[in-house]
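What the coordinates show
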Amino acid sequence: MLDEDELQALAEDIRQLGQLQPIVLDSAGRLLDGRNRLKACELIGIEPVFATYDGDDPDAYALSVNARRRNLTKGQLAMIAAKALSITERSHRSGAEQSARSVSEQAGVSLGRIGQANTVLRHAPDLVDPVINGAISIDEAYKTARETKNQAESADSQLARLRAEDQELADRVVEGELTLAGAWAERKARAEEEVRQRKVATQFLCEVVPPLAQARGTNTAGKFDPEFVLPGRSITQEVIENAMTALTEMAATLRERDLA
């Protein structure tokens with residue numbers, strides 16, 4: 001929109017010369033072009049002159065008309081062109097595509113600017129209209145979009161790593177049960193618990209297995225006397241068989257890990 005002084009000047013011009021250009025609406029009555037002319041007519045109490053756009057792409061028409069205004073920066077023009085191209089991709093309208101290309105060519109907008117605008121469109125869509133309206137520069141919006149993109153890529157990378165380490169936690173993140181940060185915290189807690197269990201198991205085996213090995217060939221088993229069994233430590237045939245199975249499993253595990 002024009003500022004107050006410019007709007008008053010436009011209103012006075014319309015009062016003296018009439019409304020030289022119609023206000024353009026689409027078939028549904030949506031305003032495509034002429035916001036300032038409409039406001040100026042309201043200020044001076046003159047009935048506006050309207051025209052209806054009869055093409056098949058009102059969105060691209062509105063963007064193209066705005067792009068031809070000489071007070072727009074290259075950044076604004078680049079964003080307009082990118083937005084028009086986005087409309088084309090969604091609607092498959094060749095007219096919109098041609099309008100966007102025409103905007104970029106006529107305004108002399110570089111491919112780099114168009115690329116920046118596309119990044120904003122994809123990763124910071126809430127900043128598209130502020131750029132077009134001139135509220136922020138395309139450079140500011142692009143910086144924010146890049147940060148958002150990098151964060152998203154980082155999150156994707158972290159999720160992929162989590163999936164490789166713990167599929168169940170990754171699935172819970174995808175399903176919305178856990179945040180990515182929460183999943184990694186749980187993954188860390190699980191890893192710490194696993195280390196604790198390995199430490200306890202290793203120390204237990206170190207206490208049990210070497211003394212048992214030292215009993216070999218000493219006739220220790222022959223001197224076993226139930227009278228001296230410690231409370232809760234009775235040795236039965238079942239206990240011996242379980243101990244032999246445990247030692248067999250331990251030997252197999254050490255071989256698999258090349259630690260035997």
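See above for the structure.
These lines cover the structure that appears in this document, whether it is placed above or below. (Residues numbered from 1 in each chain as written. Predicted model: local features only at pLDDT ≥ 70, side-chain atom pairs only at ≥ 80, totals over all residues. Heavy atoms only, no water.)

Looking at the sheet that holds strand β3 (residues 50-52)
- Spatially, β2-β1-β3 is the arrangement adopted by the 3 strands of the open sheet, whose pairing is mixed. Because the sheet does not close on itself, it has two edges, and the strands there are β2 (31-33) and β3. Averaged over all pairs of adjacent strands, the angle between strand axes in this sheet comes to 40 degrees, irrespective of strand direction.
- Where strand β1 (residues 23-25) and β2 come together, 2 bridges link them in antiparallel fashion. Bridging across to β2, Val-24 finds its partner in Asp-33.
- Where helix α2 (residues 35-44) meets the sheet, it contacts β1, β2 and β3, and its direction lies at approximately 105 degrees from that of β2. (Pairing = 2+ DSSP bridges. Helix = DSSP H or I, 4+ residues; strand = E, 2+ residues; numbered from the N terminus. Axes fitted to C-alpha atoms, helices over the stretch in contact; angles between N-to-C directions. Contact = heavy atoms within 4.5 Å.)

Concerning the side chain of Gln-116
- Its place among the elements puts Gln-116 in helix α6 (residues 111-123).
- In this structure, Gln-116 is in contact with Ile-138, Asp-139 and Tyr-142, ignoring residues within four places of it in sequence.

Brief notes about a negative patch on the surface
- Judged by side-chain charge, Asp-3, Glu-4, Asp-5 and Glu-6 come together as a negatively charged surface patch.
- Residue position: Glu-4 is located in helix α1 (residues 4-17).
- On the basis of relative accessible area, Glu-4 is assigned to the exposed category, the value being 62%. (Patch = residues over 30% accessible without salt bridge, like charges linked within 9 Å, V, L, I, M, F, W, Y side chains within 5 Å. Areas by Shrake-Rupley, 256 points an atom, 1.4 Å probe, with all protein chains shown as cover. Salt bridge = Lys/Arg side-chain N within 4 Å of Asp/Glu carboxyl O. Lys, Arg positive; Asp, Glu negative; His and termini not counted. Charge placed at Lys NZ, Arg CZ, Asp CG, Glu CD. Buried < 20%, exposed > 50% of the residue type's maximum accessible area, 1.4 Å probe, protein only.)

Details of the packing of helix α9 (residues 167-174) against helix α10 (residues 180-214)
- Close contact between α9 and α10 brings their axes to 9 Å; oriented N to C, the two are set at 160 degrees. By the angle between their axes, α9 is roughly antiparallel relative to α10. The element α9 and its partner α10 pack so that their crossing is right-handed. Residues Glu-168, Leu-169, Arg-172 and Val-173 of α9 lie in contact with α10, whose contacting residues are Leu-180, Ala-183, Glu-186, Arg-187 and Arg-190. (Parallel < 35°, antiparallel > 145°, perpendicular 65-115°, else oblique. Left-handed = near helix turned anticlockwise from the far one by under 90°.)

Just distances and angles here, no functional claims.
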